[in-house]
Amino acid sequence: MDVDVIVRNAPFIFGGLYLTAQLAVFAIGGGLVLGILLGAARLSRQPWLYYPVSAYVHFFRGLPLLLVIFWLYFLIPVITGRSLNEFAAAVIAFIVYEAAYFSEIVRAGIQSVSKGQRMAGLSSGLTGVQTLRHVILPQALRTMVPSLVTHSVVIFQDTSLAYVIGLREFLRRVNLVDAREARSLELYLFAGLVYFILCSAGTFTGKRLERKNRERKV
Amino acid sequence: MIEIENVSLWYSKQTRVLFNIDACIGHGRKVVICGPSGSGKSSLLRCINGLESFQEGRILVDGISVLAKQTDIHELRAGIGMVFQHFELYPHMTVLQNITLAPVRVRRKSLADAETHARRLLERVGIQEHAANYPEELSGGQQQRVAIARALAMEPKLMLFDEPTSALDPEMIQEVLDVMTDLAKEGMTMVLVTHEMGFAREVADEIIFMDKGRILEHADTASFFDNPRHDRTRQFLSRILR
Ligand SMILES: Nc1ncnc2c1ncn2[C@@H]1O[C@H](COP(=O)(O)OP(=O)(O)OP(=O)(O)O)[C@@H](O)[C@H]1O
Ligand SMILES: [Mg+2]
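Because the structure is a prediction, the values reported are computed rather than measured.

What to know about the pairing of strand β9 (residues 206–211) of chain B
Every other side chain in a regular strand lies on the same face of the sheet, so the side chains alternate between the two faces. Residue and element names in this part refer to chain B. The element β9 is extensively covered by neighbouring structure, given that six of its six residues are classed as buried. In this sheet, strand β10 (residues 214–220) lies alongside β9 in antiparallel orientation, the contact comprising six bridges. Its bridge partner being in β10, M210 is matched across the sheet by I215.

In structure tokens form, the structure reads like this:
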């Protein structure tokens, strides 16, 4: 075992981890915001909202993420005539793709809030959107916390897929160091440890939030 | 004030819920709607403030047609208070926030004004000390009184009650009925679905008896109780009055 290989390349590798974290934050934040809009739209009775959004969700849920990353990276320059850096392409791909998944979580969360709450909001003169924002969503988000955390952890793990368009995120950099120094065992064990610690921290935080929620409920 | 003209409602072809409902409710009147479970009482109430879209007929509130395209339904609902069987307080908000939400968001009141008004209403329903509590920390009777205060915060000209005491423990029913009686004395127009016949006899001007989606009887309170015209009404009354 040669742990020194990690110490020697630490700035390079951890620079990649920073990029990975940034990508994850944008993907989760953007995906959730877009997911809320899509999830709410899928519960709308307006056909011009419901049908296109449902089509969008089914479309992206039927594709591998890897392919969507490829598409956006190669298609956006063709359409807009401007090249896109790898990070921006990856962020857009993740948001567009993960929003479809988040929208399903959001939809289930909204449906878990009783119909009476919606009627109470509407009967007081609030519009449908106001009722959603002030009455339904705050309650829905609370019940959604476990699924949101689980899915966010998955997104964090999936950020490594951005290597296909050459983004030098964490795992890609580990891979590059290995190509140079031929220390596969140490490097990949280390990478595994980092992912494991960060994902466990995420899951643990989610569990705590969930517990706090339950306590507030009684 | 409320004109219901030939209203029919169905949720699907097989489940028709209201059949050609006609009724007129004057300003300041207290009207109790009663009838067996599933007879369409809640549905009718929800038609009045447009929470339910009926397929035929029309309903006018102060001359404004509820389902007409040009009607601002949110504005109309803002002037109609509604109280529900299961209170439907917002569990993530304090009592005070429950009451100020609509005045701030719909009436564009300042939060300070809304809170002052809310505290006055809480005092009126006798729970001023719980302004900062969450609904789950209150008893059922207290929650329902908050719900009434919440509806009153919009200064409605009409109040709809859907079985406001049915979900309450017996010892809490009276405190809610008392609040409603006070409200009635102040001249509020009220439409109430309730099975509290003692309260109905005391407070109501008129009683509507519904069965299977139709109005079987619509009479002033005294004649409804003393000489009901229909056998169905008599059966219902004998069962409910024991
Ligand atoms: N959203 C809905 N979809 C389908 N059917 C419904 C819906 N709401 C009510 N119904 C049906 O409509 C009929 C009338 O319901 P409604 O709730 O108006 O009756 P009710 O007189 O208020 O009864 P209860 O005393 O039980 O509250 C019932 O048969 C009920 O099953
Ligand atoms: Mg009912």
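What about the site of ligand 1?
With respect to spatial proximity, 13 residues lie near ligand 1, and among them S37, G38, K41, S42 and S43 of chain B are the closest. Lying at an intersection of chains, ligand 1 is approached by residues of chains A and B. Y11 of chain B is positioned with one of its side-chain polar atoms (N or O) 3.3 Å from a nitrogen atom of ligand 1. Contact distances for ligand 1 include 3.0 Å between an oxygen atom and a backbone N or O atom of G40 of chain B. Expressed as a share of its isolated accessible area of 630 Å², the protein-covered part of ligand 1 is 61%. Taken together, the residues that form the shell around ligand 1 break down as three nonpolar, six polar and four charged.

A closer look at the sheet that holds strand β2 (residues 16–25) of chain B
Residues and elements named next belong to chain B. Reading across from one edge, β2-β1-β4-β5 is the order of the four strands in this open sheet, with antiparallel pairing throughout. Among the strands making up the open sheet, the edge pair consists of β2 and β5 (64–65). Note that strand β1 (residues 2–10) and β2 share six bridges and pair antiparallel. Paired with W10 across the strands is R16, a residue of β2.

Here's the deal with a nonpolar patch on the surface
Residues and elements named next belong to chain A. On the surface, F59, L66, L67, F70, W71, F74, L75, V78 and I79 cluster together into a nonpolar patch covering about 850 Å² of accessible area. By residue number, the principal contributor to the nonpolar patch is helix α4 (residues 65–80), which donates eight residues. Considering the arrangement of structural elements, one finds L66 in helix α4. On the basis of relative accessibility, which here comes to 30%, the residue L66 falls in the partly exposed class.

Overview of the environment of R58 of chain B
Residue and element names in this part refer to chain B. Note that R58 resides in strand β4 (residues 56–61). The partly exposed category is assigned to R58, whose relative accessible area is 40%. In the structure, R58 is positioned 53 residues away from E5 in sequence and 5.3 Å away in space, judged by C-alpha atoms. When neighbours within four sequence positions are excluded, R58 is seen to be in contact with E3, I4, E5, V7 and S65.

Some details on the layout of surface pockets
One number sums up the size of the largest pocket: a volume of about 1600 Å³. If you trace the largest pocket, you find 42 residues lining it, with L43, R45, R118, L122 and G128 of chain A closest to the centre. Where the lining of the largest pocket is concerned, the elements lending two or more residues are α2 (10–42), α3 (47–61), α5 (86–111), α6 (115–123) and α7 (128–158) of chain A together with β1 and α2 (73–78) of chain B. The element best represented in the lining of the largest pocket is α7 of chain A, accounting for seven residues. Broken down by class, the residue content of the lining of the largest pocket amounts to 23 nonpolar, 11 polar and eight charged.

Observations regarding the interface of chain B and chain A
Between chain B and chain A, the residue contacts involve 24 residues of the former and 23 residues of the latter. The interface formed by chain B and chain A contains zero salt bridges. For the side of chain B that touches chain A, the secondary-structure elements that each account for two or more residues are α2, β6 (80–83) and α3 (95–105) of chain B. Looking at the side of chain B that touches chain A, its residues break down into 14 nonpolar, three polar and seven charged.

Some words on empty space enclosed by the protein
Applying the stated criterion across every chain, the model contains two cavities of 30 Å³ or more. Volume-wise, the largest cavity comes out at about 100 Å³. Forming the walls of the largest cavity are A120, S123 and S124 of chain A together with R77, A78, I80, G81, M82, A102, R150, A151 and M154 of chain B. Only α6 of chain A together with α2, β6 and α5 (140–152) of chain B provide two or more residues apiece to the lining of the largest cavity. Size it by volume and the second largest cavity reaches roughly 30 Å³. Around the second largest cavity, the lining residues are I4, A23, I25, I33, L44, I48, V191 and I208 of chain B. Mapped onto the lining of the second largest cavity, the elements with two or more residues apiece are β2 and α1 (41–48) of chain B. A class-by-class count of the residues in the lining of the second largest cavity yields eight nonpolar, no polar and no charged.

What counts as what
Residues numbered from 1 in each chain as written. Chains lettered and ligands numbered in written order. Predicted model: local features only at pLDDT ≥ 70, side-chain atom pairs only at ≥ 80, totals over all residues. Heavy atoms only, no water. Buried < 20%, exposed > 50% of the residue type's maximum accessible area, 1.4 Å probe, protein only. Helix = DSSP H or I, 4+ residues; strand = E, 2+ residues; numbered from the N terminus. Pairing = 2+ DSSP bridges. Near = heavy atom within 4 Å. Polar contact = N/O pair within 3.5 Å; in protein donor to acceptor, adjacent residues only side chain to side chain. Areas by Shrake-Rupley, 256 points an atom, 1.4 Å probe, with all protein chains shown as cover. Nonpolar A, V, L, I, M, F, W, Y, C, P; charged D, E, K, R; others polar. Patch = residues over 30% accessible without salt bridge, like charges linked within 9 Å, V, L, I, M, F, W, Y side chains within 5 Å. Salt bridge = Lys/Arg side-chain N within 4 Å of Asp/Glu carboxyl O. Contact = heavy atoms within 4.5 Å. 1 Å grid on protein atoms, 1.4 Å probe; cavity = no way out; pocket = protein on both sides within 12 Å on 5 of 7 lines; lining within 4 Å. Points joined across faces, edges and corners; volume = space filled by probe spheres on them.

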